[in-house]
Amino acid sequence: MYNDIYERWLHHPNLEPSYKEVLKNMDEEEKNDAFYTTIEFGTAGMRGLLGPGTNRINIHTIRKANVGFAEYIAAHGEEAKERGVAISYDNRHMSKEFAMDSAKLLATYNIRSYVFESLRPTPELSFAVRHFHCFGGIMVTASHNPREYNGYKLYDEKGCQLVPALAQQVIDRVNAVEDELAIVANPTAEQEKLITIIGKDVDEEYYKKVLGIQLNPDVNKENVKIIFTPEHGTANIPVKELYTRAGYHFVAVEEQCTPDPDFSNTPTPNPEEPGSYELAIEYAKREDADIILVCDPDADRMGVGVKHNGEYKLLTGNQSGAVLIEYIFSQLTEKGLMPKNPVMFNTVVTSDLGEKIASKYGVETEKTLTGFKFIGEKVAKYEKTNEKQYVFGYEESYGSLIQPFVRDKDAPQACLMLAEAACYYKERGKTLVDVLYDLYAELGFYEESQTSLKLEGQAGAQRIQEILANLRKSNLQEINHVQVVRFEDYKECRILENGKETELTGFTKSDVLKYYLEDGSWIAIRPSGTEPKCKFYYCIKGTSLEDAHEKTVSYQQAIKELIG
């Protein structure tokens, strides 16, 4: 069947000319992988390898997605079309082209658009949607994925990524498109006037808001030096500008400040991976810096390295999140700024430590599925009811949101607040690692980690489904000789505990399994929504950091054996 679709693409008169040679040179395995399915929306929109094919990101699959989005907007009437869409993009191959083509295609539906003049971060796109009172937004990015990828994220009128119920309305319209190659983006001269190029005015408004999050703007900044890298991406100008205006001492990793789509000077643009810190650590040693801050290409994630006892220790997203929670909540409490009914949001695969810190300060924690859109949805809910007041939101995947004038992860906000925290604690003789270790001593020792099994192509996708299905059927009683005391299945919406089955409520159905263990640890398993991977999350509790680490190694080995 894939061969029929391949032939249709190869001989279609509208095929983007540069794709023809690529198609001609494909072997059977490549053809199958490019055409066996249609690229789908995952936890963060549509993301995949660049290239021709229905299972690839290319001008034709982007246009197909834009037709679905345009028809979704048009279904909401003339006002929605007039309010229009904000559009931004990162440094990747074809990002600008896809962004401009999106604006042109929307214009053929008489939908207004506001397109950034050059690359801008995902959080600023979210901000722009709200700033212009748009009906929606488009961000062209593959976030932290390797250079071979690109992607397309959709936003609602609140600046939040489309939640499943809304995304499904777009997807239904996308799936109704029979021939993506027949779509053209040729607006008339009059329709072209619906496209507005935006830039510095929006930057200024965004910078003002970010600078407004500071809790101790006059903290002593003289003794802290920061190494910063945008990993060739969109954080370059905003973070430098914010640090300069706020008076922080920073040194940028210049080799990684160019918007290079090939990421030539970094082994990986993903702050979850040690390779993204290599050059920054060289800079840090040379400059004797206190902290290293690494942003991913679309500047929604931030990784942290801290000089502690003469070495640079890399913090996980759970650990940097814990430090931010402790700093922000302690300062809000000390200054009498903590609201009456404070609430923090994190996800079902985020460490228990953050919740314990929040509880210490009287802050309630609500959990969501993976994907910051679910946190954005919660923010919007309480903004409307005012039943609870937002004070922080974060995921284990290196993303947080300090103040919700943006409705997505915001690395520039996190960079500013973490720099402030580093200065505040240095005045008190502590590194950020000291703060973390104090939290462990007070609230319990945890090691959080994540492993993944990369399984590409059709066979890989089937194997991932098989792993989850087998675990679902197996009804595990113990893992690593430790009893499972509670099991949550977010796809079948059930809880097993004390031999009884009850309904799991409050979540959209999702292919996630979570095992709670007798020793206070838990393990969660889910397929990635953005890459061909099965992900395994570990929050392991020990009597010390060494004990937690040893147990983590044992649990990881036990899971390997379980899945074969």
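Structural data are supplied above this passage.
Rules and cut-offs
Every chain is numbered independently, its residues counted from 1 as its sequence is written. Side-chain atom pairs in this predicted model are given and counted only at pLDDT of 80 or more, local residue features only at pLDDT of at least 70, and totals for whole chains, interfaces and linings cover all residues. Based on all heavy atoms of the structure, the side-chain values leave hydrogens and waters out of the count. For two strands to count as paired, DSSP must find a minimum of two bridges between them. In this text, helices come from DSSP runs of H or I with a minimum length of four residues, and strands from runs of E with a minimum of two, each type numbered from the N-terminal end. Between N-to-C directions, angles cover 0 to 180 degrees, with each direction set by a line fitted to C-alpha atoms, over the stretch in contact for helices. Two residues form a contact once any of their heavy atoms are found within 4.5 Å. What makes a salt bridge here is a side-chain nitrogen of Lys or Arg within 4 Å of a carboxyl oxygen of Asp or Glu, nothing more. To sort residues, take the accessible area from a 1.4 Å probe on protein chains only and compare it with the maximum for the residue type: under 20% means buried, over 50% means exposed, and anything in between is partly exposed.

Student: Help me understand the sheet that holds strand β12 (residues 311–315) in this model?
Tutor: Sheets are built from strands paired through backbone hydrogen bonds, the pairs being either parallel or antiparallel. In space, the five strands of this open sheet follow the order β9-β8-β10-β11-β12, with mixed pairing throughout. The open sheet terminates on both sides in strands that have one partner only, identified here as β9 (249–252) and β12. Within this sheet the neighbouring strands show an average axis-to-axis angle of 25°, counted without direction. In the sheet, strand β8 (residues 225–229) pairs with β9 via four bridges, with the strands oriented parallel. The residue of β9 that forms the bridge with K225 is H249. Packed on one face of the sheet, helix α12 (residues 278–287) meets β8, β9, β10 (291–295) and β12 and runs near 160° to β8.

Student: I tried to follow the pattern of salt bridges on my own but got confused; where do I start?
Tutor: Under the criterion given, the structure shown has 45 salt bridges. Here D179 and R8 are joined by a salt bridge, their closest N and O atoms 2.8 Å apart. With D179 in the loop between α8 (164–175) and α9 (189–192) and R8 in helix α1 (residues 2–11), this pair connects stretches of sequence that are 171 residues apart. On the basis of relative accessible area, D179 is assigned to the partly exposed category, the value being 23%. The partly exposed category is assigned to R8, whose relative accessible area is 31%. Taking the shortest distance from any N to any O, the salt bridge between R83 and E157 comes out at 2.9 Å. With R83 in helix α5 (residues 78–83) and E157 in the loop between β6 (149–155) and α8, the pair connects residues that are 74 residues apart, well separated along the chain. Residue class for R83 comes out partly exposed when judged on its relative accessible area of 24%. Taken together, the salt bridges that share partners define one network made up of R472, D489, E492, R494, E501 and D511.

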